[in-house]
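Working through the structure, step by step
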Amino acid sequence: MISQNDQEMATLILEHSTKLQQDENVMVQLIGLNGINLLRALVEQIREKGAHPFIQIEDTETQRLLIENGDEAFWKNQAEVDQLPLMKQMDVFIGIRASENIYENSKAGKEANKAYSEHFLHPVHFEERVNNTRWCIMRYPSPAFAMNAKLPTREFTEFYYKACLVDYAKLKTAMEPLEKRLRATDMITLKGEGTDISFSVKGQNWVPCYGAHNIPDGELFTSPVRDTVNGTITYAPSVYQGKPFEFVKLVVENGVVVDFDSSNNDALKDILDTDEGARRFGEFSFGTNPVIQSPMYDILFDEKIYGSNHLTLGKDYEIAPNGNSSNIHWDLVCIGADVYLDGELIRKGREFVTEDLKGLNPENLLS
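The paragraphs below set out a description of the structure included in this document.

Conventions adopted
Residues numbered from 1 in each chain as written. Predicted model: local features only at pLDDT ≥ 70, side-chain atom pairs only at ≥ 80, totals over all residues. Heavy atoms only, no water. Salt bridge = Lys/Arg side-chain N within 4 Å of Asp/Glu carboxyl O. Buried < 20%, exposed > 50% of the residue type's maximum accessible area, 1.4 Å probe, protein only. Helix = DSSP H or I, 4+ residues; strand = E, 2+ residues; numbered from the N terminus. Expected span 1.5 Å × (residues − 1). Polar contact = N/O pair within 3.5 Å; in protein donor to acceptor, adjacent residues only side chain to side chain. Pairing = 2+ DSSP bridges. Patch = residues over 30% accessible without salt bridge, like charges linked within 9 Å, V, L, I, M, F, W, Y side chains within 5 Å. Areas by Shrake-Rupley, 256 points an atom, 1.4 Å probe, with all protein chains shown as cover. Lys, Arg positive; Asp, Glu negative; His and termini not counted. Charge placed at Lys NZ, Arg CZ, Asp CG, Glu CD. Phe/Tyr/Trp six-rings, centres within 6.5 Å; stacked < 30°, edge-to-face > 60°. Lys NZ or Arg CZ within 6 Å of the ring centre and 35° of its normal.

Quick look at the pattern of salt bridges
By the definition in use, this model includes 19 salt bridges. Measuring nitrogen to oxygen at the nearest pair gives 3.1 Å for the salt bridge that ties Arg279 to Asp273. Asp273 sits in the partly exposed class, given a relative accessible area of 27%. One network of salt bridges, in which partners are shared, links Glu61, Arg64, Glu68 and Glu104.

Written out as structure tokens, the structure reads:
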């Protein structure tokens with residue numbers, strides 16, 4: 001039985017996020033079988049709109065076997081024969097991430113991950129899907145997801161839908177003064193425990209996000225001027241390529257990571273050595289979702305934590321470019337640093353302190 005929450009999610013995705021129209025082609029990809037009812041709600045509503053769903057259902061353990069055993073030739077063939085030609089025919093892409101084990105791919109080696117990223121993920125998703133479809137990605141709640149959030153399953157499920165179904169129109173309005181300030185800003189500085197880092201965003205494009213590409217949403221992003229990043233930054237817990245990191249600390253000189261520390265240094269070194277762009281930064285963002293308070297080892301939630309920022313290793317986005325090219329894009333999140341724009345304090349810890357930005361504080365967004 002399809003729940004009312006899943007029906008509301010499907011409506012949000014199709015009408016607000018992707019604005020699906022009659023006769024359009026839409027790929028709906030379900031990774032993990034847990035989210036089958038949201039998939040069914042989407043298919044039902046897609047057909048009601050007279051559009052054409054193309055369904056992909058992937059078993060996470062089978063995908064693990066493919067990643068662990070795949071090589072360059074395998075992933076090139078997968079992309080060129082199947083996924084890339086199909087993706088080029090899509091108007092819309094909807095991705096439901098419903099894996100119940102976020103560490104499923106933790107044993108995949110450096111070369112296996114590089115082959116998958118460079119010859120499949122990059123051409124099919126980073127190049128074709130991101131740049132040429134109206135796309136939206138979301139997670140789906142499960143007991144395992146709740147465990148990572150350190151919440152009972154029922155309480156987590158309630159939190160999940162509350163975070164996903166926030167008032168995006170109100171959030172959009174509250175973001176506008178921050179976007180205006182940022183477009184006039186040269187230097188941004190973050191200062192906090194283990195963090196003192198500065199970089200220029202002069203002339204860069206800023207993109208407000210309120211439910212178009214991610215559910216849940218709530219971020220405002222750009223990319224730093226590539227060679228201007230200098231200092232030290234310490235990040236909250238993260239999972240990348242199935243590998244857990246309880247913390248990551250980076251030392252940066254002229255835009256390049258020159259030293260690092262983490263709870264998993266061997267894995268971190270492999271990621272940083274992926275290619276030249278992996279030691280540089282391709283995105284900077286403010287997290288503004290008023291419901292999401294703490295990390296849960298899931299970047300689609302963690303990058304939206306209110307009072308947070310992410311300074312992302314790897315590839316930039318075409319909509320807000322800085323010239324950094326890489327086969328990785330790792331959204332690492334720094335929570336609660338003081339934020340200065342050209343020397344002016346605008347956020348103290350997690351609270352915006354200037355009158356024009358106080359609308360972004362949770363008590364105002366949720367009132």
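Things to note about helix α8 (residues 168–183)
With 16 residues, α8 ought to run about 22 Å at 1.5 Å a step, and its terminal C-alpha atoms sit 21 Å apart, in line with that. Within the sequence span of α8, burial applies to Tyr168, Leu171, Ala174, Met175, Leu178, Glu179 and Leu182. One side-chain oxygen of the residue at the start of α8 lies 3.2 Å from the amide nitrogen of Ala169, identifying that residue as Asp167.

Observations concerning the pairing of strand β1 (residues 25–31)
With 7 of 7 residues buried, β1 lies mostly within the body of the structure. Neither face of β1 is exposed, since Asn25, Met27, Gln29 and Ile31 on one face and Val26, Val28 and Leu30 on the opposite face are all buried. Here 7 bridges tie β1 to strand β2 (residues 52–58), and the two strands are oriented parallel to one another. When the bridges of β2 are listed, Leu30 appears paired with Ile57. Alignment of β1 against strand β3 (residues 92–97), held across 6 bridges, turns out to be parallel. Across the sheet, Ile31 pairs through a bridge with Arg97, a residue of β3.

Points about a negative patch on the surface
Together, Asp71, Glu72, Glu111, Glu118, Asp266 and Asp270 line one region of the surface with negative charge. Looking at the negative patch, the elements with two or more residues in it are α5 (110–132) and α9 (265–272). Its place among the elements puts Glu111 in helix α5. The class of Glu111 is exposed, set by a relative accessible area of 56%.

Observations regarding the sheet that holds β3
Ordered in space as β2-β1-β3-β4-β8, the 5 strands form an open sheet in which the pairing is parallel. Edge positions in the sheet fall to β2 and β8 (214–215), since each of these pairs with one other strand and no more.

Section: the packing of aromatic side chains
This structure, assessed with the given rule, holds 18 aromatic pairs. Pairing Phe156 with Phe159 gives two aromatic rings, centres 5.8 Å apart and planes at 45°, and the pair type is tilted. One end of the pair is Phe156 and the other is Phe159, both in helix α7 (residues 153–164) and 3 residues apart, which spans about a single turn. Judged by its relative accessible area of 15%, Phe159 falls in the buried class. In this structure an aromatic cluster arises from ring pairing among Tyr140, Phe145, Phe156, Phe159, Tyr160, Tyr161 and Phe301. The side chain of Lys191 reaches across the aromatic face of Tyr340, ending 5.8 Å from its centre. One Lys or Arg, Arg350, reaches over the ring of Tyr306 and ends 4.3 Å from the middle of that ring.

Limitation: the analysis is restricted to geometry and does not speak to function.
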